[in-house]
Structures are given as structure tokens and as C-alpha cells.
Amino acid sequence: MKSIKAIVAAAALAVATIATNAQDLKFAHIDSQAFLTSLPEWTQAQTTLQEEAKKLTDQMSVMQNELQQKFQDYASKRDSLPELIRATKEKELEDSQARIQSFQQLAQQSLSKKESDLLQPILEKYQQALEVVAKENNFIYIFDTSSQVLLYKSEQSIDAAPFVKAKMTK
């Protein structure tokens, strides 16, 4: 009889402990996309990327205009050119087109690298701030509400954005 009472008492204690621990679970949320785009350093990075993209686009336009001019010049004289000169001009046009395509690929790679170089430090700082905030506030999860995967958000879920902003501005 004493062992049954002991087992029941232990079970009751375990249930009470689990219930108490369940009440201590803390969840938070943050809209990462809105948060990150509101940061001044994110805005500056985007401005820098747009400026770089414009430079590359302008250079591409110059190259395309030059090719267009060469083609028009060739087209107007094509019938009067000797075969060797015509073939040489056609090869020059093909080479120019290949250079433009190569430039376009290299420009895209360069822009992607620049984007990574500018945004990666911001994302790392953000991730570190999230981890610190989670530990300091005993959050077991911080959900990203911008991901469109969150199915339900309780009013008890805490918005972590003010905590993260405070950590990132230190």
C-alpha cells in the first residue's frame, strides 16, 4: 500500500513538474523580412547594389550600342565588300556579341558576389542577435512570421523585434 502511494505521489509530482515546465515555455516571433529591410545598413547595402547594377547596366548599354552601330555599318556596306572583308566583319560582329554575353554573365556573378559581401555580415549580426535574445529571454523558439509557413500565432507569443533591434544597435 505504501509503495502504491509512493508511486501515485511520484506520478503526481512528475505531472506537476511537467505542467509547471510547460507553462514556462516561451515562444517569440519576428517578421525577418520587415525587420531586415527596416535596418539602415540593409537600406545602404541595397542602395550600393543598385548603384553597382546601374554601372554594369550602363556599360552593357554602351557595348550593345557599339555592336548595333557596327552591325548597321556592316549591313549598309555588306553587298559592296569583298568576301574576305565581309567575313572578317562578320567575325568581328560575332566576337562582339560573344563579349557582350560574357560581360553579362560576369556582371551577374559580380553583382551576386557584391550582394553576398554586403548582406552576409548583416545577416550574421541578425542571427547572433536572435540567439542572444532567445537565450536572455528563455525563448525556446523564435518563429519567422514572414515565411508564410507559420500556421498559428498565439497572442502569448512575444514579438522579438524590439529585443533584436536593441542588440543590433549596440
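Residues numbered from 1 in each chain as written. Predicted model: local features only at pLDDT ≥ 70, side-chain atom pairs only at ≥ 80, totals over all residues. Heavy atoms only, no water.

## Considerations on the overall build of the chain
Scanning the chain for helices and strands turns up 5 helices and 3 strands. Reading the chain from its N end, one meets helices and strands in the order α-β-α-α-α-β-β-α. Within the chain, the proportion of its 170 residues that are buried is 21%. Nonlocal contacts in the chain, meaning residues at least 24 apart in sequence, comprise 86% of its contacts between residues at least 6 apart. Surface exposure of the chain reaches about 12,400 Å², of which carbon and sulfur atoms provide 56%. (Helix = DSSP H or I, 4+ residues; strand = E, 2+ residues; numbered from the N terminus. Buried < 20%, exposed > 50% of the residue type's maximum accessible area, 1.4 Å probe, protein only. Contact = heavy atoms within 4.5 Å. Areas by Shrake-Rupley, 256 points an atom, 1.4 Å probe, with all protein chains shown as cover.)

## Some thoughts on the packing of helix H4 (residues 83-136) against helix H5 (residues 161-168)
Taken N-terminus to C-terminus, the directions of H4 and H5 make an angle of 120°; their axes are 9 Å apart at the nearest point. As summarised for this structure, H4 and H5 are arranged oblique, according to the angle between their axes. As H4 packs across H5, the resulting crossing turns out to be right-handed. Contacts between H4 and H5 involve Ile 122, Lys 125, Tyr 126, Ala 129, Leu 130, Val 132, Val 133 and Glu 136 from the first element and Phe 163, Val 164, Lys 167 and Met 168 from the second. Here the contact of H4 with H5 is composed, by residue class, of 9 nonpolar, no polar and 3 charged. (Axes fitted to C-alpha atoms, helices over the stretch in contact; angles between N-to-C directions. Parallel < 35°, antiparallel > 145°, perpendicular 65-115°, else oblique. Left-handed = near helix turned anticlockwise from the far one by under 90°. Nonpolar A, V, L, I, M, F, W, Y, C, P; charged D, E, K, R; others polar.)

## Structural notes on H5
Inspection of H5 places Ala 161, Val 164 and Met 168 among the buried residues, and these make up the whole buried set. Buried residues of H5 fall within an arc of 65° about the axis and therefore sit on the same side. Along its buried surface, H5 packs onto strand S1 (26-30), helix H2 (32-38), helix H3 (40-77), H4 and strand S3 (158-159). (Arc of directions from axis to C-beta.)

## Some words on the packing of aromatic side chains
Going through the model one piece at a time under the given rule, you end up with 5 aromatic pairs. Relative to Tyr 141, the ring of Phe 27 lies with its centre 6.0 Å away and its plane at 5°, an arrangement referred to as stacked. With Phe 27 in strand S1 and Tyr 141 in strand S2 (residues 139-144), this pair connects stretches of sequence that are 114 residues apart. Owing to a relative accessible area of 32%, Phe 27 belongs among the partly exposed residues under this scheme. Relative accessible area serves as the criterion here: at 49%, Tyr 141 is assigned to the partly exposed category. Following the ring pairs from residue to residue traces out a cluster consisting of Phe 27, Tyr 141 and Phe 143. (Phe/Tyr/Trp six-rings, centres within 6.5 Å; stacked < 30°, edge-to-face > 60°.)

## Comments concerning the sheet that holds S3
Read across the sheet, 3 strands follow the order S2-S1-S3 without closing on themselves; strand pairing throughout is parallel. The open sheet has two edge strands, S2 and S3, and neither has a second partner. Each of S1 and S2 touches H4; the most contacted strand, S2, lies at about 140° to it. (Pairing = 2+ DSSP bridges.)

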